[in-house]
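Chains, contacts and geometry: an overview
Below are the chains, spelled out letter by letter.
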Amino acid sequence: MVPGAVSRMYTPDQTQLDIQTLAAWAGVEYIQGQMVRLDPIAKSVEIQKTGEDETVELRFDVVSLDIGSRTRGAEAEGVQAFCIPTRPIHMLVQRIAEKTDDLAVRLSKVRCVVVGAGAAGIELAFSCSRLCADKLGGEDRVEVVLVDAGGDILEDQCAMVGAYTKHALESHGIQCIHNVHVAEIEASRIVLSDGQTQEYDIAVWATGAEAQQTAGGFESCGLSVTPRNWVEVNSFLQSVSCPSVFAAGDCCHIVGANAPKAGVYAVRAGPILIHNLLAYLDGSPMIEYHPQDDFLKLLNTSDG
């Protein structure tokens, strides 16, 4: 729903959950903050509370890591300064809205470059096109370019899906550039690996997922991780090195499975994760989670 919120098909509130209210309803203590240290041997986690200097140490019998991921390559020079990364997701809609509001006041025509042509990048190309057209008063006032490291649109999907998506992009006037990477980012232009440059007024960085920066310290505290710092878990969603640690969603890699980083897997893992956390505590049998081979993919073209 997030691309739909970008194009104003939905309100931001319709795409978010009030975690604090939900926690209160469930009788769960809620602490807003960021994990800064995990010690699976001492069974403790240190949390930096939001808006406070002090940290709190929480002891646990079992802990579940569900920290998601960050946008791949977002730490590269120029990305944070000049682009809008897709993560943190809760900030994406607001940042695009504020940027396009400013552009609509100053410019009569806007050029948008979206880096990354996976499902998220494609949807954001559509939604940015729609949003800018609405704010500037017509589709002829916006130009959108989609930068793709691959050789074709959705080349990992069946040919018909790719063909339909390409047709939709073409019908909305969205230009696609393939087989290139970003070499350099400047204040108003992106230099590509083949030497060509793309001028932009707004640039969105939608390059997929990589492990959170916090995950870089997991290996040193005894957690087994992949070379890309995804927490390695078994089919019970349990760490292969620290039995009291579980992980689910984007932040983990299920050994023996090859599930992509997609929300549907986190949703399906949820009930099994809850069962296994409780089962670990009382010593009852746990349930295996086997990710499905594929899932339904819906692309929002932001045209109603």
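Placed above this text is the structure.
Bear in mind the structure is a predicted one, so any value in this text is a computation, not a measurement.

The final tally for this structure, using the stated rule, is two aromatic pairs. Taken together, a centroid distance of 5.9 Å and an interplanar angle of 75° make the contact between Phe246 and Tyr280 edge-to-face. Of the two residues, Phe246 sits in strand E16 (residues 245-247) while Tyr280 sits in helix H7 (residues 263-282), which places them 34 residues apart along the sequence. Aromatic side chains Tyr265 and Phe295 sit 5.5 Å apart centroid to centroid with 85° between the ring planes, which places their arrangement in the edge-to-face category.

Our focus in this paragraph is helix H5 (residues 119-136). Helix length check: H5, at 18 residues, gives a terminal C-alpha distance of 26 Å against a target of 26 Å (1.5 Å per residue), a fit within 8%. For H5, the buried fraction is high: 14 of the 18 residues fall into the buried class. Residue Gly137 follows H5 closely and has a positive phi angle near 95°.

Turning next to the sheet that holds strand E9 (residues 174-177). Strands sit in the order E6-E13-E7-E8-E9 across an open sheet of five strands; the sheet is parallel. Two strands lie at the open edges of the sheet, namely strand E6 (84-85) and E9, each paired on one side alone. Inspection of the sheet shows strand E7 (residues 110-115) paired to strand E13 (residues 202-205) by four bridges, in the parallel sense. Paired with Cys112 across the bridge in E13 is Ile202.

Here the focus is the sheet that holds strand E11 (residues 189-192). Strand order in the open sheet formed by three strands is E10-E11-E12, and the pairing between neighbours is antiparallel. Each of the sheet's edge strands pairs with one partner strand only, and the pair in question is strand E10 (182-185) and strand E12 (197-199). Between one strand and the next, the sheet's axes are offset by a mean angle of 25°, whatever the strand orientation. Pairing of E11 with E12 involves three bridges; the strand directions are antiparallel. By the bridge assignment for E12, Arg189 is matched with Glu199.

On to the nonpolar core. Judged by nonpolar contacts, the single largest core of 34 residues is most densely connected at Leu38, Leu65, Phe218 and Leu237. For this core, the secondary-structure elements that each account for two or more residues are strand E1 (33-39), strand E2 (44-49), strand E4 (63-65), strand E15 (231-233), E16, strand E17 (252-254) and H7. Ranked by residues supplied to this core, first place goes to H7 with five residues. Setting aside anything within four residues of it in sequence, one finds Leu65 in contact with Met35, Leu38, Phe218, Leu223, Val231, Val245, Phe246, Ala247, Ala248 and Cys251.

Glancing now at the packing of helix H4 (residues 89-106) against H5. Put simply, H4 and H5 touch, their axes get as near as 10 Å, and they point 35° apart. Judged by the sense of rotation from one axis to the other, the crossing of H4 with H5 is right-handed. Between H4, through Leu92, Ile96, Ala97, Thr100, Asp101 and Ala104, and H5, the contact on the second element is made entirely by Leu124, Cys128, Leu131, Cys132, Lys135 and Leu136. In terms of residue class, the contact of H4 with H5 is built from nine nonpolar, one polar and two charged.

Along the chain, Val255 falls in the loop between E17 and H7. For Val255, the residues in contact, after removing those within four places along its chain, are Glu232, Val233 and Val240.

Turning our attention to the pattern of salt bridges. Close approach of charged atoms allows side chains of opposite charge to pair. Summed over the entire model, instances satisfying the criterion amount to 13 salt bridges. Two residues, Glu57 and Arg37, come together in a salt bridge whose shortest N-O distance is 3.6 Å. Here Glu57 is found in strand E3 (residues 55-59), whereas its partner Arg37 is found in strand E1, with 20 residues between them in sequence. Here Arg111 makes a salt bridge to Glu143, at a shortest N to O gap of 3.3 Å. One end of the pair, Arg111, is in strand E7; the other, Glu143, is in strand E8 (residues 142-147), and 32 residues separate them in sequence. Assessed through its relative accessible area of 17%, Arg111 is described here as buried. A single network of salt bridges, built from pairs that share partners, joins Arg37, Glu46 and Glu57.

Criteria and cut-off values
- Residues numbered from 1 in each chain as written.
- Predicted model: local features only at pLDDT ≥ 70, side-chain atom pairs only at ≥ 80, totals over all residues.
- Heavy atoms only, no water.
- Phe/Tyr/Trp six-rings, centres within 6.5 Å; stacked < 30°, edge-to-face > 60°.
- Helix = DSSP H or I, 4+ residues; strand = E, 2+ residues; numbered from the N terminus.
- Expected span 1.5 Å × (residues − 1).
- Buried < 20%, exposed > 50% of the residue type's maximum accessible area, 1.4 Å probe, protein only.
- Pairing = 2+ DSSP bridges.
- Axes fitted to C-alpha atoms, helices over the stretch in contact; angles between N-to-C directions.
- Core = buried A, V, L, I, M, F, W, Y, C linked by side-chain atoms within 4.5 Å.
- Contact = heavy atoms within 4.5 Å.
- Left-handed = near helix turned anticlockwise from the far one by under 90°.
- Nonpolar A, V, L, I, M, F, W, Y, C, P; charged D, E, K, R; others polar.
- Salt bridge = Lys/Arg side-chain N within 4 Å of Asp/Glu carboxyl O.

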